[in-house]
Amino acid sequence: MAGKDIHPVYVLHGDDAFLRDHHRKEIVDRVVAGADPQLCVTAFDGSAELADVLDELRTVPFLAPHRLVILRDADAFVKAHREALEKFFDKPPGSASLVLMVASWPSNTRLAKLVARIGKAIDCSVPAKGNLAQWMTKASAKRGKKIDRDAAELLGQWVGRDLAALDGEIEKLSLYVGECERITSA
């Protein structure tokens, strides 16, 4: 059986493909728990049939603790099948999780409130300008480095709000400073 930190539904919403992919990878790693993803992860695009998605969610995982179904570009799918998804997640399966990757996720819908109760919605939008330095601090910390505030601001000015590019530049800077624990503007 899967761990307690696994939810029956995850919603990755927002406009940043880098963040959506980052969170998708984290969810896959957590849910499959070291099993071969080819045996327990199925991905569909937004044009998938509801029956196919639900069949995958009802299928018992093979040689894995949990099954994961990923639905990319799912905005049209959610709109077309909202009632069926609400009904399905009133009593979700215990052995599978669904990841919905959408651009928009209005929090005032019944489905969004249901997801908030049983699952997890993750905002994958580029952080506001003030929070970008905080994001860079976390990205540096993952690499065992601390980035000075002025260095983060300078990097933000040079690279802009592209998180994939910023992550790449922080990786380069982390390698460049080597054994040093701090990334400075120098």
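Residues numbered from 1 in each chain as written. Predicted model: local features only at pLDDT ≥ 70, side-chain atom pairs only at ≥ 80, totals over all residues. Heavy atoms only, no water.

**Considering the packing of aromatic side chains**
Right, on to step 1. What the rule picks out here adds up to 2 aromatic pairs.
Right, on to step 2. Aromatic side chains Phe18 and Trp135 sit 6.3 Å apart centroid to centroid with 75° between the ring planes, which places their arrangement in the edge-to-face category. Here Phe18 is found in helix α1 (residues 17–32), whereas its partner Trp135 is found in helix α7 (residues 129–141), with 117 residues between them in sequence.
Right, on to step 3. By relative accessible area, which is 16% here, Trp135 ends up buried.
Right, on to step 4. When the ring of Phe88 is compared with that of Phe89, the centres are 5.2 Å apart and the planes differ by 85°; the resulting orientation is edge-to-face.
Right, on to step 5. Take Phe88: its relative accessible area is 10%, and that puts it in the buried class.
Right, on to step 6. Its relative accessible area of 3% is what places Phe89 among the buried residues. (Phe/Tyr/Trp six-rings, centres within 6.5 Å; stacked < 30°, edge-to-face > 60°. Helix = DSSP H or I, 4+ residues; strand = E, 2+ residues; numbered from the N terminus. Buried < 20%, exposed > 50% of the residue type's maximum accessible area, 1.4 Å probe, protein only.)

**A word on the packing of helix α5 (residues 82–90) against helix α6 (residues 110–118)**
Right, on to step 1. Two numbers describe how α5 lies on α6: the axes approach to 10 Å, and their chain directions differ by 25°. When the interaxial angle is binned, α5 and α6 end up roughly parallel. Crossing of α5 against α6: the hand is left-handed. Across the interface between the two elements, Arg82, Leu85, Glu86, Phe89 and Asp90 from α5 touch Arg110, Leu111, Leu114 and Ile118 from α6.
Right, on to step 2. For the contact of α5 with α6, the class distribution of residues is 5 nonpolar, no polar and 4 charged. (Axes fitted to C-alpha atoms, helices over the stretch in contact; angles between N-to-C directions. Parallel < 35°, antiparallel > 145°, perpendicular 65-115°, else oblique. Left-handed = near helix turned anticlockwise from the far one by under 90°. Contact = heavy atoms within 4.5 Å. Nonpolar A, V, L, I, M, F, W, Y, C, P; charged D, E, K, R; others polar.)

**Structural notes on α5**
Right, on to step 1. Of the residues making up α5, those classed as buried are Leu85, Glu86, Phe88 and Phe89. Buried residues of α5 fall within an arc of 165° about the axis and therefore sit on the same side. With respect to the buried face of α5, the exposed residues turned more than 90 degrees away are Glu83 and Lys87.
Right, on to step 2. Contacts from the buried residues of α5 go to β1 (9–13), α3 (50–58), α4 (75–80), β4 (96–102) and α6. (Arc of directions from axis to C-beta.)

**Brief notes about the layout of surface pockets**
Right, on to step 1. Considered as a void within the structure, the largest pocket measures approximately 360 Å³ in volume.
Right, on to step 2. In terms of lining residues, the largest pocket is bounded by 16 residues, among which Leu19, His22, Trp135, Lys138 and Lys142 are the most central.
Right, on to step 3. Counting residues per element, the ones that place at least two in the lining of the largest pocket are α1, β5 (120–123) and α7. (1 Å grid on protein atoms, 1.4 Å probe; cavity = no way out; pocket = protein on both sides within 12 Å on 5 of 7 lines; lining within 4 Å. Points joined across faces, edges and corners; volume = space filled by probe spheres on them.)

**Some thoughts on the nonpolar core**
Right, on to step 1. Leu12, Ile27, Leu68, Val99, Trp135, Met136 and Leu166 are the most contacted members of the largest nonpolar core, which totals 30 residues.
Right, on to step 2. Put simply, the parts of the chain that give this core at least two residues each are β1, α1, β3 (67–71), β4, α7, α8 (149–159) and α9 (163–177).
Right, on to step 3. Among all residues touching Ile27, those that are not within four sequence positions of it are Tyr10, Leu12, Leu68, Val99 and Ile122.
Right, on to step 4. In terms of nonpolar packing, the next biggest core, distinct from the first, is built from 26 residues, Val69, Val78, Trp105 and Ala112 among them. (Core = buried A, V, L, I, M, F, W, Y, C linked by side-chain atoms within 4.5 Å.)

**Thoughts on the packing of α8 against α9**
Right, on to step 1. Running from amino to carboxyl end, α8 crosses α9 at an angle of 130°, the nearest separation of the two axes being 10 Å. The angle between the axes of α8 and α9 places the two elements in the oblique class. The handedness of the crossing between α8 and α9 comes out as right-handed. Taken together, the residues of α9 that come into contact with α8 (itself represented by Leu155, Gly156 and Val159) are Ala165, Leu166, Glu169, Ile170 and Leu173.
Right, on to step 2. Along the lines of polarity and charge, the residues of the contact of α8 with α9 split into 6 nonpolar, 1 polar and 1 charged.

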